[in-house]
Amino acid sequence: MNTLFQDLRYGIRMLLKNPGFTVVAVIALALGIGANAAIFSVVNAVLLRPLPYDDPARLMVLRENKLPQFPEFSVSPGNFLDWQKQNTTFEKLAAVNSSAFNLVIESEPERLPGARVTAGLFEMLGARPAKGGTFLDDEDQPGHENVAILSDGLWKRRFGSDPGVIGQAITLNATSYTVVGIMPPTFQFPDRETALWTPMAFNASQAQQHGAHYISVVGRLKAGATAEQANTEMNTIAGQLAEQFPDTNTGWRVNVFPMQEYDVRDIRPALLVLLGAVVLVLLIACANVANLLLARSTGRQKEMGIRTALGASRWRVARQLMTESVLLALVGGGAGLLLARWGLDSMIAIAPQDLPSVRNVTLDARVLGFTLVVTLLTGLIFGLAPALQASNTNLNETLKEGGRGTTGSHHRVRGALVVGEVAIALLVLVIAGLLIRSFYRLQQVNPGFNPSNALAVGLSLPGKKYPQDDQKSAFFTQLIERVSTLPGVSAVGATQSLPIQGDYVLGFNIQGRPPNAPGEGLSTNYYAVSPDYLKAMGIRLLRGRVFTEQDNRDAPRVAVINEEMARRSFPDEDPIGKRINVTNGPEMFREIVGIVADVKQYGLAQPTTMQTYEPHLQNPFSNMTLVVRTDGDLATLSGAIRSEVLGIDKEQPLSRIRPLEQLVSESMARERFLMVLLGIFAAVALTLAAVGLYGVISYSVTQRTHEIGIRAALGAQRQDVLKLIVGQGMMLALIGVGIGLVVAFASTRLMATLLFGITATDAFTFVAIPAILTGVALVSCFVPARRATKVDPMVALRYE
C-alpha cells in the first residue's frame, strides 16, 4: 500500500510537471468517457432500468394482428372480455383506452389527456395511490363509473395539492365525477402525459363488439408461466373466437410481448447504434492518449533506464507508468462526468417526446458505476503499450550520453495506433453519413399536404352537452364561419383525423362486387371533414369535385377517395360515380365524387394507405381538429381562435394547438435525434483522428530533424522534404481508410432498418466520407510537413 501511495504521489507530480500534455489528454478522455456516460444513462433509463411496477418481468402487452394488413393492432372489447374468461396463464388482464377529458374549474376549461381503465389495473401493476383509493369492482359497471383518480401533477397544478379534493365532485366532459384517489408522481401509465383515470365500464353493446378494435390490453402472468405459453394459449382462444364469430374474427391472431420489450422495441436499435458509436469514439481517444504517452515515454527513457540500473524490476517500472495512466484516466473520467451532466440536459431537450422514460434519465448509481469501470479500463488500455515499451529498455543504449532513445518499435506502435484511429473514425463517419443521407431523403418526402402557415387545433365536444348529431354539426359549422372572418385567414377546415398521426380505420366494400369472404375485407383510413378541409390542408384535387355545404344529412351520401385507393380498388375503371360502403352497413353506400392526392397517414417513411373522405355534415363527430391557414402570425391566431371558441361555449377547451409544420417535424423526431447525436460523435471522432495523425507526424518531424538537415545539406529541395513527410502520414491514413472501408461495408448492414431511401452500402456515402477523411488527413500531415521544410540545415546538423 505504501508503494502505491508513492506511485500516486509521483504520478501527480509528473502530470503537474507537464500541464500541456495533461490538459490535452484529459480533454480527449473527457470527450470519450463523457459521451459514453451520457449515452449509457439514456440506455440505462430506457432499456435496462426495470419498469416501476411490482415484478415487472411478468407484465405483458397483448395485441391483435391480422396479416398482412395489420401486423399489430388494438383489441376489440368483446375479444378482451372473452380472453378474461377463457385464459389460464394470466393472473389478471386489464384494458386501457387513452382518452381525453374536458375539465372545468371555476369557468376555466382545460383539455386533459387521460385514460379509461378496467378495475384492477392499478392492483395488477402494484401501483398504490398516494392518497385515497383505486376503483372498486362495481365502479367498472355502467351507471357507477363516474369516479376519477388524479395524477400527482394535475392535483398540484389545478387543485393546489389540497388533500380535501378526495371525495369532492369535479366536472369532466360536462359530467360530475367524484375524485377517489391521487397517484404518486412516479406513476405514469400508459404514458407520462396521462393526467387522470376513469373506469372503462363497457355497456352491453360494447361488450358484444368483436370487430371494433380500439383498446389496449395488459396482463400479469401467473407464477411459472412464460410469454411463449401465454402466446400459444391466446392464439388457441383466437382460433375458437374465429369459429364463433367468423365475420369479425377470421384471420385475427394474438401477440404477447413482455411489457418492457414492447415499450422500447422501436428505439432499441437506435440506442444500441449510439452506444456502439460512443464506444468507438472512446477507443479513438484511448489511441490518442496512448500516442501521447508513447511520445512522452521516449523522453523518459533515461529516467526508466536509471531506475532499472538501480534495481527496479520491469514490473515495478510498468506499474509506475500504469498508475500514472489510471490516474490520468480518473481525472479524465471526472471531467467526462461533468461533461455528461451538461450534455444530458441538451440531449433530453432534443429527444423525441415519446421516448420511454426520457424524463427519468439521470446519472444514477448504475451510470456512475459504469463510468468508473469504463474509466479504469480506459486507463489500462491506453497505458498498456507505453508501459510495456518503457519497461523493455536497452540499458546500454539508453544510458549512452547523447543517445536518442528512440526505437523502431515506438514508431511502429504509434503508426499502428494512428491507423486504428483513422479506421474507427471512418466507421463512425460512415454510420453518421448514412443517417444524415437517410434523414435528408426523409425530409424530401411529400406528405401530401402543405404544412406551412397552417395551425391545427383540437376540440372535443362532451357527449352529455352535445348528444345530437345536429348539435355537433351546428357547433363546428358556426366555429368555422367565425374563424374564417379572422384577419389573415384564407381557409378553415375540420377533420376527425389528421394525417401523420391519425389511425381511424374502417372496412369497406364496393357496390356490385361479390361480398368479401370472412376475414378478407379491405380497409381504408377514414376522415370526416368539413367542405373546406382539403383547401385548408393544401391537399390537391386530381379529379371530380370536393365537398360543398349542400353535402349535408339531407343530401345523397358522397365520398372522396385518394389516388392510392383508386389505383388499387379500381385499376381498370373510373372510380367517379362508383359506390362504396365504408362501415359494412347495408344502407351506408356513398357515391365517389372526387379523387385527391395521397397523404402520409403513419409517418413520412411509411407506405401510403387507402384513404376515404366523407362530409362531416353527413357523419358528425364530437372529436375534431380545426385546420386554419393564414398569412399572419400563428401565435396570435391561436389566441383569436380560443376567443371564438369561448364565444360559442365558454366551457369548451382547446387541445394540441400546434402548427402543421410541427406535426411533420415531430414525426421525424427519432430520426433527427439519432442523426444529430451521431453527427456530433462523428465530428469528435474526426477531430480526434486528425489530432492523432498530426501528433504522430509532428513528433516524427521533431525526431527526424537531424535527418532532414542532412537531406537539405545534400541538396534536397523543400518539395522533396514535403513529399517525404506528407507521404509518411498519408500512407498511415490511407491504410486506415482501407481497413475502415472494409469494416464499414460489413457492419453497416446491421443498421439497415434505421435507414430510409438508401441502402446500408450507399455509394455516395462510401465515396464522400473517405474523401473527406483523406482531405482532413492531408491537412493534418501538411502542417507539420511545412514546418519541416523550414528547418535550418546548420541548426539541424547540430541537433541531438
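None of the values given here were measured: they were computed from a predicted structure.

Some points on the overall build of the protein
Assigned secondary structure in the protein consists of 25 helices and 22 strands. Within the protein, contacts between residues at least 6 apart in sequence are counted, and of these 82% link residues at least 24 apart. Approximately 35400 Å² of the protein is accessible, and the part contributed by carbon and sulfur atoms is 57%.

What to know about the packing of aromatic side chains
All chains considered together, the criterion is met by 20 aromatic pairs. When the ring of Phe122 is compared with that of Phe187, the centres are 5.6 Å apart and the planes differ by 45 degrees; the resulting orientation is tilted. Here Phe122 is found in helix 4 (residues 121–125), whereas its partner Phe187 is found in the loop between strand 8 (175–182) and strand 9 (196–199), with 65 residues between them in sequence. The class for Phe187 is buried, based on a relative accessible area of 7%.

Describing unusual backbone geometry
Geometrically, the link from Phe189 to Pro190 is a cis peptide bond, its omega value of 0 degrees lying close to zero. Tracing the sequence through the fold places Pro190 in the loop between strand 8 and strand 9. Despite not being glycine, Asp55 shows a phi value in the positive range, around 45 degrees. Mapped onto the fold, Asp55 is located in the loop between helix 2 (19–48) and strand 1 (59–66). Even without a glycine there, the phi angle at Ala174 is positive, about 65 degrees. With respect to the secondary-structure elements, Ala174 resides in the loop between strand 7 (169–172) and strand 8.

Considerations on the nonpolar core
Judged by nonpolar contacts, the single largest core of 93 residues is most densely connected at Leu274, Leu328, Phe382, Leu678 and Phe681. Listed by contribution, the elements that provide at least two residues to this core are helix 2, helix 10 (268–299), helix 12 (314–350), helix 13 (365–391), helix 15 (408–443), helix 21 (669–703), helix 23 (718–747) and helix 24 (763–788). Residue contacts for Phe382: discarding those within four places in its chain leaves Leu29, Cys286, Val289, Ala290, Leu293, Ser325, Leu328 and Ala329. Formed by 38 residues, the second largest nonpolar core is a distinct cluster that contains Leu459, Ile480, Val483 and Val645.

Focus on the pairing of strand 4 (residues 108–117)
As paired strands, strand 3 (residues 90–105) and strand 4 are joined by 10 bridges and run antiparallel to one another. Across the sheet, residue Leu103 finds its bridge partner in strand 4, namely Glu110. From the end of strand 3 to the start of strand 4, which pair antiparallel, there are two residues, and Glu106 there has a positive phi angle of about 50 degrees. Both strand 4 and strand 9 contribute to a ladder of four bridges, which runs parallel. Of the residues in strand 9, the one forming a bridge with Gly114 is Leu196.

Describing a nonpolar patch on the surface
On the surface, Val373, Leu377, Leu380 and Ile381 cluster together to form a nonpolar patch covering roughly 360 Å² of accessible area. Tracing the backbone through its elements, the reader meets Val373 in helix 13. The class of Val373 is partly exposed, set by a relative accessible area of 47%.

Some words on the pattern of salt bridges
Under the definition given, this model contains 27 salt bridges. In this structure, the salt-bridge partner of Arg656 is Glu666, at a minimum N-O distance of 3.8 Å. Of this pair, Arg656 sits in strand 22 (residues 655–659) while Glu666 sits in helix 20 (residues 660–667), and the two are 10 residues apart along the sequence. Residues joined by salt bridges that share partners form a network here, namely Asp55, Arg58 and Glu91.

A look at the confidence of the model for the protein
Of the residues in the protein, 88% have a pLDDT of 70 or more, and the chain-wide mean is 86. Throughout residues 401–406 the model reports pLDDT below 50, and contacts reaching past four residues in sequence, or to other chains, amount to 14 contacts.

Concerning the side chain of Thr378
Mapping Thr378 onto the fold places it in helix 13. Residue classification places Thr378 among the buried positions, given a relative accessible area of 2%. Not counting residues up to four positions away in its chain, the partners in contact with Thr378 are Leu29, Ile33, Leu282 and Cys286.

Let's talk about the side chain of Ser151
With respect to the helices and strands, the residue Ser151 is situated in the loop between strand 6 (147–150) and helix 5 (152–159). Given a relative accessible area of 8%, Ser151 falls into the buried group. Once you skip the residues sitting within four places of it in the chain, Ser151 turns out to touch Ile182, Met183, Thr194, Ala195, Leu196 and Trp197.

Description of the pairing of strand 20 (residues 611–615)
Within a regular strand, the side chains alternate between the two sheet faces. When you tally the buried positions in strand 20, you get five out of five residues, the bulk of the element. The side-chain alternation of strand 20 yields two buried faces, one formed by Gln611, Tyr613 and Pro615 and the other by Thr612 and Glu614.

With respect to helix 19 (residues 634–648)
For helix 19, spanning 15 residues, the distance from its first C-alpha to its last is 21 Å, which sits close to the expected 21 Å at 1.5 Å a residue. Within helix 19 the residues assigned to the buried category are Leu634, Leu637, Ser638, Ile641, Glu644 and Val645. On an axial view of helix 19, the arc spanned by its buried residues comes to 125 degrees, and they lie on one face. Helix 19 presents Ala635 and Thr636 as exposed residues on the side facing more than 90 degrees away from its buried surface.

Points about the packing of helix 3 (residues 77–86) against helix 7 (residues 227–244)
With their axes 11 Å apart at the nearest point, helix 3 and helix 7 run at an angle of 120 degrees to one another. Relative to helix 7, helix 3 is oriented oblique. Regarding helix 3 and helix 7, the two cross each other, and that crossing is right-handed. Packed against helix 3, whose contacting residues are Asn79, Asp82, Trp83 and Gln86, the element helix 7 presents Glu233, Met234, Ile237, Gln240 and Leu241 at the interface. A per-class count over the contact of helix 3 with helix 7 returns four nonpolar, three polar and two charged.

So, how was this worked out
Residues numbered from 1 in each chain as written. Predicted model: local features only at pLDDT ≥ 70, side-chain atom pairs only at ≥ 80, totals over all residues. Heavy atoms only, no water. Helix = DSSP H or I, 4+ residues; strand = E, 2+ residues; numbered from the N terminus. Contact = heavy atoms within 4.5 Å. Areas by Shrake-Rupley, 256 points an atom, 1.4 Å probe, with all protein chains shown as cover. Phe/Tyr/Trp six-rings, centres within 6.5 Å; stacked < 30°, edge-to-face > 60°. Buried < 20%, exposed > 50% of the residue type's maximum accessible area, 1.4 Å probe, protein only. Core = buried A, V, L, I, M, F, W, Y, C linked by side-chain atoms within 4.5 Å. Pairing = 2+ DSSP bridges. Patch = residues over 30% accessible without salt bridge, like charges linked within 9 Å, V, L, I, M, F, W, Y side chains within 5 Å. Salt bridge = Lys/Arg side-chain N within 4 Å of Asp/Glu carboxyl O. pLDDT = per-residue confidence, 0-100. Expected span 1.5 Å × (residues − 1). Arc of directions from axis to C-beta. Axes fitted to C-alpha atoms, helices over the stretch in contact; angles between N-to-C directions. Parallel < 35°, antiparallel > 145°, perpendicular 65-115°, else oblique. Left-handed = near helix turned anticlockwise from the far one by under 90°. Nonpolar A, V, L, I, M, F, W, Y, C, P; charged D, E, K, R; others polar.

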